[in-house]
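Okay, here's what each chain looks like letter by letter:
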Amino acid sequence: MANKLPTPNSPLTSIVCVSESTMVRYLDLQSFIVRARVLKLYRQALRTARRAPTHARDELRQTMRQEIEKNRYCDDKQKIRFLISEGLQRLKGLDEMLDMTGHS
């Protein structure tokens, strides 16, 4: 039984996401946007970690990745929005702390 891909003109066209195991899964537009926001937050966090003191960078990156991985399979959109909001607040706090300590 083969999976049939949606046609480009179909009103219910979904975005296709290929995971590491090459399993194809379909994301609706809202899920695609939320996923993009999570990835954007993660990239911002990694950029901010570059500003941290050298001795703390690896641990900071590892902690950031663990936080993202911990909720990787969360399907609750409300919880995901909350986690994104919390992540942005924590990132803002880290950014301000790095500014105050002179790490720019």
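Up top you'll find the structure we're talking about.
For clarity, every value in this text was computed on a predicted model and none was experimentally measured. (Residues numbered from 1 in each chain as written. Predicted model: local features only at pLDDT ≥ 70, side-chain atom pairs only at ≥ 80, totals over all residues. Heavy atoms only, no water.)

Trainee: Please clarify how the pattern of salt bridges should be interpreted in this entry.
Mentor: Once their charged atoms are close, side chains differing in charge can pair, the charge on each being opposite to the other. Tallied over the entire structure, the rule returns seven salt bridges. Through salt bridges with shared partners, a single network forms among Arg-51, Asp-95 and Asp-99. (Salt bridge = Lys/Arg side-chain N within 4 Å of Asp/Glu carboxyl O.)

Trainee: How do you make sense of the packing of helix H1 (residues 29–49) against helix H2 (residues 54–70) when you look at a structure like this?
Mentor: Packed helix pairs are characterised by how far apart their axes lie and by the angle those axes make with each other. At a minimum axis distance of 9 Å, the contact between H1 and H2 shows a crossing angle of 170 degrees. Here H2 runs roughly antiparallel to H1, going by the angle between their axes. Contact residues: Val-38, Tyr-42, Ala-45, Leu-46 and Ala-49 in H1; Arg-57, Leu-60, Arg-61, Met-64, Arg-65 and Ile-68 in H2. Considered class by class, the residues forming the contact of H1 with H2 number eight nonpolar, no polar and three charged. (Axes fitted to C-alpha atoms, helices over the stretch in contact; angles between N-to-C directions. Helix = DSSP H or I, 4+ residues; strand = E, 2+ residues; numbered from the N terminus. Parallel < 35°, antiparallel > 145°, perpendicular 65-115°, else oblique. Contact = heavy atoms within 4.5 Å. Nonpolar A, V, L, I, M, F, W, Y, C, P; charged D, E, K, R; others polar.)

Trainee: Quick question: what am I supposed to make of the packing of H1 against helix H3 (residues 77–100) here?
Mentor: Between H1 and H3, the shortest axis-to-axis distance is 10 Å and the interhelical angle comes to 20 degrees. In this view, H1 runs roughly parallel relative to H3, as classed from their interaxial angle. Handedness of the H1/H3 crossing: left-handed. Between H1 and H3, the contacting residues are Gln-30, Ser-31, Val-34, Arg-37, Val-38, Leu-41, Gln-44, Ala-45 and Thr-48 on the first element and Lys-77, Ile-80, Arg-81, Ile-84, Gly-87, Leu-88, Leu-91, Leu-94, Asp-95 and Leu-98 on the second. Class assignment of the residues belonging to the contact of H1 with H3 gives a composition of 10 nonpolar, five polar and four charged. (Left-handed = near helix turned anticlockwise from the far one by under 90°.)

Trainee: What's the story with a nonpolar patch on the surface in this structure? I'm lost.
Mentor: Nonpolar side chains collect at one region of the surface, where Leu-29, Phe-32 and Ile-33 lie side by side and expose about 290 Å² of accessible area between them. Topologically, Ile-33 is positioned in helix H1. For Ile-33, a relative accessible area of 44% corresponds to the partly exposed category. (Patch = residues over 30% accessible without salt bridge, like charges linked within 9 Å, V, L, I, M, F, W, Y side chains within 5 Å. Areas by Shrake-Rupley, 256 points an atom, 1.4 Å probe, with all protein chains shown as cover. Buried < 20%, exposed > 50% of the residue type's maximum accessible area, 1.4 Å probe, protein only.)

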